[in-house]
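Summary of structural features
One-letter residues, chain by chain:
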Amino acid sequence: IRRGLATVVPYQILSLFTWRDLQDQVCGRIVVDVQLLKSMTRYAGFRKNGRGRINAFSPHIKMFWKMMDERMDNFQRSKLIFFIWGRSRLPVNRQGFERHFTIMAHPASQRSNKNPDQ
């Protein structure tokens, strides 16, 4: 394994990392950093009745982040990340993100007061 890894990362650089640091760099952190995810989130769509675009201050978006912060444990956050991205861990930092996390308003919810899932 070490020889194969050395073909990608020189031995001299490997010695700078502990195995946990290297794991975090390659696989992402086990603990979901909600603030990092929040900072890498974009919002798309319009508010009900055409009153502007949704944003971080929209009531349902604030509720989403409150749930992520206060009600979900790390296991549940990892499952949500896996459902959204197909991976259960976030990158270590902002530079590791290939694309932003996007929360979109469902178009059916903009047309009426009915539940869009029905």
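Residues numbered from 1 in each chain as written. Predicted model: local features only at pLDDT ≥ 70, side-chain atom pairs only at ≥ 80, totals over all residues. Heavy atoms only, no water.

1. Describing the packing of aromatic side chains
Using the criterion set out here, one finds 5 aromatic pairs in the structure. Taken together, a centroid distance of 6.0 Å and an interplanar angle of 65 degrees make the contact between tryptophan 85 and phenylalanine 101 edge-to-face. Of this pair, tryptophan 85 sits in helix 6 (residues 74-85) while phenylalanine 101 sits in strand 2 (residues 101-104); the two residues are 16 residues apart in sequence, bridging distant segments of the chain. Three or more aromatic residues joined by ring pairs form one cluster here, namely Phe64, Trp65, Trp85, Phe97 and Phe101. (Phe/Tyr/Trp six-rings, centres within 6.5 Å; stacked < 30°, edge-to-face > 60°. Helix = DSSP H or I, 4+ residues; strand = E, 2+ residues; numbered from the N terminus.)

2. Description of helix 5 (residues 59-71)
For helix 5, spanning 13 residues, the distance from its first C-alpha to its last is 17 Å, which sits close to the expected 18 Å at 1.5 Å a residue. In this structure, the buried side of helix 5 is in contact with helix 4 (34-39), strand 1 (41-44), helix 6 and strand 2. (Expected span 1.5 Å × (residues − 1). Contact = heavy atoms within 4.5 Å.)

3. Considerations on the side chain of serine 58
Within the element layout of this structure, serine 58 appears in the loop between strand 1 and helix 5. What makes serine 58 buried here is its relative accessible area of 1%. Polar side-chain contacts of serine 58 include one of 2.9 Å to the backbone nitrogen of asparagine 55. (Buried < 20%, exposed > 50% of the residue type's maximum accessible area, 1.4 Å probe, protein only. Polar contact = N/O pair within 3.5 Å; in protein donor to acceptor, adjacent residues only side chain to side chain.)

4. Considerations on the environment of tyrosine 11
Relative to the elements of secondary structure, tyrosine 11 occurs in helix 2 (residues 11-14). Looking at tyrosine 11, the relative accessible area reads 42%, which means it is partly exposed. Among residues more than four places away in sequence, those in contact with tyrosine 11 are Arg2, Arg3 and Ala6.

5. Topic: the packing of helix 5 against helix 6
At a closest axis distance of 9 Å, the pairing of helix 5 and helix 6 adopts a crossing angle of 135 degrees. Classified by the angle between their axes, helix 5 and helix 6 sit oblique to one another. Facing Phe64, Met68, Asp69 and Arg71 of helix 5, the residues of helix 6 in contact are Gln76, Arg77 and Leu80. (Axes fitted to C-alpha atoms, helices over the stretch in contact; angles between N-to-C directions. Parallel < 35°, antiparallel > 145°, perpendicular 65-115°, else oblique.)

6. Comments concerning the environment of threonine 102
Checked against the element boundaries, threonine 102 lands in strand 2. On the basis of relative accessible area, threonine 102 is assigned to the partly exposed category, the value being 41%. In contact with threonine 102, other than residues within four places in its own chain, are Arg42 and Ala44.

7. Things to note about the pairing of strand 2
Along strand 2, the buried face is formed by Phe101 and Ile103; none of Thr102 and Met104, which line the opposite face, is buried. Judged from the 4 bridges that link them, strand 1 and strand 2 form a sheet pairing that is parallel. Note on strand 2: the bridge partner recorded for tyrosine 43 is isoleucine 103. (Pairing = 2+ DSSP bridges.)

Nothing here speaks to function; it is geometry throughout.
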